[in-house]
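# Architecture and fold: a report
For reference, the chains in residue letters:
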Amino acid sequence: MNERPKYKLIDLFAGAGGLSNGFEQTGRFEVLGAVEINKAAVETYVENHNGNKDIIIKPKNHSISNIENINFAEFLNDKGINGSETIVIGGPPCQGFSNANRQKNYLISGNNQLVKEFARAIEEIKPVAFLLENVKTMNSDTHKFFVTEHSDNTKFLYSSEQHLSKITKHHKDEEKNQELWTDDTVILIQTKYVELKSLFEKIKELDHIEPIIEPKKLVSRMKSIGKKAKKTSTFQLLTEKEINETNELVSYLQERLKSNIIVDLEITSLLIRSIDTFKEIRDIPMSKEEILNGIGPLIDLNQFLLHLKEIKDEKIIQRHPLSITHIDGKLEIKAYVKSYNVVEYLTEFFTYLGYELDHRVLNASNFGVPQNRQRFMILGVKKDKLNQKIKVELPDKLDNIDRPFTTEDAISDLEDITPQHDIDAEPIKYDKLEHITPLQKYYRSINDDKIFNHVNTKSKEMSLQRFEAIKNVGGKNFHSLSKELKENTYSDSSRTQNTIYLRLNYTQPSPTVVNVRKSMWNHPRTAVALSIREAARLQSFKDNFIFLGSKDQQYQQVGNAVPPLLARAVAETMLKLLGDTPESLLIDELK
């Protein structure tokens, strides 16, 4: 009997490998190559693929797997593989854009550009099918791109009017193509320092834009001082880190006094005033008014320059010159641009490339994952490869599962195994148990005597007191604590998120798993910090999946991962659409 050839999997933005792990569990996919830039995640990925370092795709003459530098057509040619054998999967980060984020250092998250890199990979590889996974809000209005100038063989190719017009021409039933983009505006800055208006007028006429302060660390330190000053009547630098970084900022600004932009804009006195203020708050407490009068104009001026430089660097087309207006006692500077929705764009582009699509939000708890985790997915299959031209549809849920699996279903068999604190400790041996849940049987199905990464944080005494107190009152999180146990931690404990000091509930699926170490999640019965392995089980990783890196890196990899069981369910759907079947069905394994 001839063994069926497996589909070749290219895993983009692979992380630790949760998405590809679910695909591999079907027995019908094998990873040809993975792209991942995070060093610790790469170590984990390699470890779980037989130590094969060559599985990580790197551009020629590069040591880092940066997708922006990878030529996928060249990669396939080197491997002797073509798109008809290949499946592409991945979750490009997409943090969206909103005017509500205008106080951040950047208008456009650099991560948003990585969605375009995924699109480029599909165009170059031409896989038989693909899966794009992302945050549940990806289809909202806040996730958008801006129309840019056209530039071949760059990221700007995928956001120009020429490109956008070309991919919408497949609408044969429409007499006139409807433009994908709409007119939009971006607020570059709102400032109460109206005396800056003449300066802004001068800057908007410049061809070359140069921020006064560009290093991220120094920008963040300056803004942090401004924010802290606003919250108190007086403020002084106290911590060693604050003082050292402010010293760096002062030295940097003193050097900048000699630069052309400071001289040309005639802002030497503004800079000197800010430098003097930074020096003073190192030595003595200053009033809120003194600090903000000293550094406030510089903060807002620099923010405007950063945002305007980004508009120009990203080649964003402006429909009109910047407007500077007075609104409610403030100056508002607005750019007039063109934008388009990320998901609408991807739908148009993938359809143009010849794919039948479906996209929707899936809840992992409907597919055997003991966690309420919602993820947006786009599934695409080449139209000429579809099984009998059946409709492409993502699954809604697993049939024959009466209820979602709970936290107890996932981790109760580990309750009496004390987590280790040292990540380098030998894996713990655990006994075979007579009675385990179907989910625990799945976790133990490959390796039934060792448990890896059952490691947690050696919690401080205060944390342990809080864990125990939350348990004793049947509480849920930090808000369940007494006033005494809340003090000395958060400046405003009433605003603490509900996920902080979260105590898991055995009778329910877990909430969305994050970095549970940072969020101080604790066990529902033993009142200790959740281990890496317990968090990994909530994400549906089998016990033989090994995480590497520092303790925090391992927790972070788990929190960032796509649940393998969710991925496996979608992989089974993809196989069906291709007229194929998995080696074994997920539903049979979870009975």
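Note: the structure precedes this text.
Described in the following lines is the structure provided in the data block. Throughout this document, residue positions are counted from 1 along each chain, in the order its sequence is written. For this predicted model, a pLDDT threshold of at least 70 governs which residues receive local features, and a threshold of 80 or more governs which side-chain atom pairs are given and counted, while totals over whole chains, interfaces and linings are taken from all residues. Calculation of side-chain values draws on the structure's entire complement of heavy atoms; hydrogens and water are dropped beforehand.

Axis definition: a line fitted to C-alpha atoms, over the contacting stretch in the case of helices. Angles run 0 to 180 degrees between N-to-C directions. Each helix is a run of DSSP H or I of at least 4 residues and each strand a run of E of at least 2, with the numbering of both proceeding from the N terminus. At a minimum axis separation of 8 Å, helix α3 (residues 72-79) and helix α4 (residues 113-125) run at an interaxial angle of 45°. The pairing of α3 with α4 is recorded here as oblique in orientation. The two elements α3 and α4 cross, and the hand of that crossing is right-handed. Facing α3, whose interface residues are Phe72, Ala73 and Leu76, α4 presents Arg120, Ala121, Glu124 and Ile125. Its residues assigned to classes, the contact of α3 with α4 comprises 5 nonpolar, no polar and 2 charged. When describing relative orientation, an angle under 35 degrees is termed roughly parallel and one over 145 degrees roughly antiparallel, while 65 to 115 degrees is termed roughly perpendicular and anything else oblique. Each crossing gets its handedness from the near helix: less than a right angle anticlockwise from the far helix is left-handed, clockwise is right-handed. Any two residues whose heavy atoms approach within 4.5 Å are treated as being in contact. Charged means Asp, Glu, Lys or Arg here, nonpolar means Ala, Val, Leu, Ile, Met, Phe, Trp, Tyr, Cys or Pro, and polar covers whatever is left, Gly included.

Working definition: a ring pair exists when centres of Phe, Tyr or Trp rings (six-membered ring for Trp) sit within 6.5 Å. Plane angles under 30 degrees give stacked, over 60 give edge-to-face, the rest tilted. Summed over the entire model, instances satisfying the criterion amount to 18 aromatic pairs. Ring geometry for Phe145 and Tyr340: centres 5.6 Å apart, planes at 65°, overall edge-to-face. Note that Phe145 is positioned in strand β5 (residues 144-146) and Tyr340 in strand β10 (residues 330-341), a separation of 195 residues in sequence. Buried means the residue's accessible area, taken with a 1.4 Å probe over protein chains only, is under 20% of the maximum for its type, while exposed means over 50%, and partly exposed covers the values in between. Judged by relative accessible area, Phe145 falls into the buried class, the value being 2%. Take Tyr340: its relative accessible area is 2%, and that puts it in the buried class. An aromatic cluster of three or more residues is present, and its members are Phe118, Phe130, Phe145, Tyr158, Tyr340, Tyr345, Phe349, Phe350 and Tyr355. In this structure, Lys382 packs its charged tip against the face of Tyr355, placed 4.9 Å from the ring centre. By definition, being over a ring means that NZ of Lys or CZ of Arg is both within 6 Å of the ring centre and within 35 degrees of the ring normal. Seen from the ring of Tyr430, Arg444 lies directly overhead, with NZ or CZ sitting 4.1 Å from the centre.

It is worth spelling out helix α12 (residues 342-352) at this point. Among all positions in α12, only Val342, Val343, Tyr345, Leu346, Glu348, Phe349 and Phe350 are buried. As used in this structure description, the phrase polar contact means that two N or O atoms lie within 3.5 Å; if the pair is within protein, one of them must be able to donate a hydrogen and the other to accept it, and residues adjacent in sequence are counted only when both atoms belong to side chains. You can read the cap of α12 off the contacts: a side-chain oxygen lies 2.9 Å from the backbone nitrogen of Val343, and it is on Asn341. Looking one or two residues past α12, Gly354 carries a phi angle of roughly 100°, positive in sign.

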